[in-house]
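Structure assessment
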Amino acid sequence: MQRREQFDKLSRLRQSLRELLADLEKSLRVAFGRAPMIKGNVYELARKCGKPTCACARGERHRSMVLTWSHEGKSKLFSIPSERLSELQEKSEEYLRFRRARARVTEIGKKILGVMDRIEKLRREEP
Ligand SMILES: [Zn+2]
């Protein structure tokens, strides 16, 4: 490989590394936070109770807010009292943000190692 070509490649790789580093810093922001988190998703459950005379049998399902999460492979469910809804929503969202960031950090970490390996190849010389 020509000197010039090698120089350009290394320069591009350093630029990618700087971009990945900025991305990493951004992704790690949530880890520096202090907000509490709760594992799980908050959503509305609409169910039928099974009584044939109940309004739910005619389509007006019983609606309630629940938090669900999986624990040791099993799906767990917690019925949310209305006074705790916004609190649990916030904490669950924080948890999802955290987990998304964690996945992103893994991805960026792999890319950084890939760039480092390419830099090593370009800079290494024989004795
Ligand atoms: Zn019912």
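Please refer to the structure placed before this passage.
Thresholds, definitions, all that
Residues numbered from 1 in each chain as written. Predicted model: local features only at pLDDT ≥ 70, side-chain atom pairs only at ≥ 80, totals over all residues. Heavy atoms only, no water. Core = buried A, V, L, I, M, F, W, Y, C linked by side-chain atoms within 4.5 Å. Buried < 20%, exposed > 50% of the residue type's maximum accessible area, 1.4 Å probe, protein only. Helix = DSSP H or I, 4+ residues; strand = E, 2+ residues; numbered from the N terminus. Contact = heavy atoms within 4.5 Å. Salt bridge = Lys/Arg side-chain N within 4 Å of Asp/Glu carboxyl O. Donors = N, O, S within 2.8 Å, 3.2 Å for Na, K, Ca; no water. Pairing = 2+ DSSP bridges. Axes fitted to C-alpha atoms, helices over the stretch in contact; angles between N-to-C directions. Expected span 1.5 Å × (residues − 1).

Leu 10, Leu 13, Leu 20, Leu 24, Ile 108, Ile 112, Val 115, Ile 119 and Leu 122 form the largest nonpolar core, which has 9 residues in total. Among the secondary structure elements, those contributing two or more residues to this core are helix 1 (3-28) and helix 2 (85-123). In terms of residues, this core owes the most to one element, helix 2, which gives 5 residues. Discounting residues that sit within four places of it in the chain, Leu 24 has contacts with Val 105, Ile 108 and Ile 112.

Attention now moves to the pattern of salt bridges. Summed over the entire model, instances satisfying the criterion amount to 9 salt bridges. The shortest N-O distance in the salt bridge between Glu 44 and Arg 63 comes to 3.1 Å. With a gap of 19 residues between them, Glu 44 in strand 1 (residues 41-47) and Arg 63 in strand 2 (residues 62-71) connect regions that are remote in the sequence. Accessibility expressed as a relative area gives 42% for Glu 44, which makes it partly exposed. Ionic pairing is found between Arg 124 and Glu 120, a salt bridge with its closest N-O pair at 3.1 Å. Of the residues examined, Glu 120 reaches a relative accessible area of 41% and is grouped as partly exposed. Each of Asp 23, Arg 104 and Glu 107 takes part in one network of salt bridges that share partners.

Attention now goes to the coordination of the zinc ion. Distances from the zinc ion to its protein donors, namely Cys 49 (SG), Cys 54 (SG), Cys 56 (SG) and His 62 (NE2), fall within the range 2.0 to 2.3 Å. When the donors of the zinc ion are listed by position in the chain, the intervening gaps give C-x4-C-x1-C-x5-H. Residue classification places Cys 56 among the buried residues on the basis of a relative accessible area of 1%.

Here we take up the sheet that holds strand 3 (residues 74-79). Taken in spatial order, the 3 strands make up an open sheet running 1-2-3, and their pairing is antiparallel. The two strands at the open ends of the sheet, each matched to only one other strand, are strand 1 and strand 3. Recorded for the sheet is a direction-independent mean angle of 45° between the axes of neighbouring strands. When strand 2 meets strand 3, the two strands line up antiparallel, connected through 6 bridges. Pairing of Ser 70 across the sheet is with Ser 75, part of strand 3. Against the sheet, helix 2 engages strand 1, strand 2 and strand 3, with an angle of about 125° to strand 1.

Turning our eyes to something else, we now look at helix 2. With 39 residues, helix 2 should reach 57 Å at 1.5 Å per residue; the first-to-last C-alpha distance of 56 Å fits that figure. For helix 2, the set of buried residues is Leu 88, Ser 92, Glu 94, Tyr 95, Ala 101, Ile 108, Ile 112, Val 115, Ile 119 and Leu 122. If you follow the buried residues of helix 2, they end up packed against helix 1, strand 1, strand 2 and strand 3.

Without other data, these values stay purely geometric and don't point to any function.
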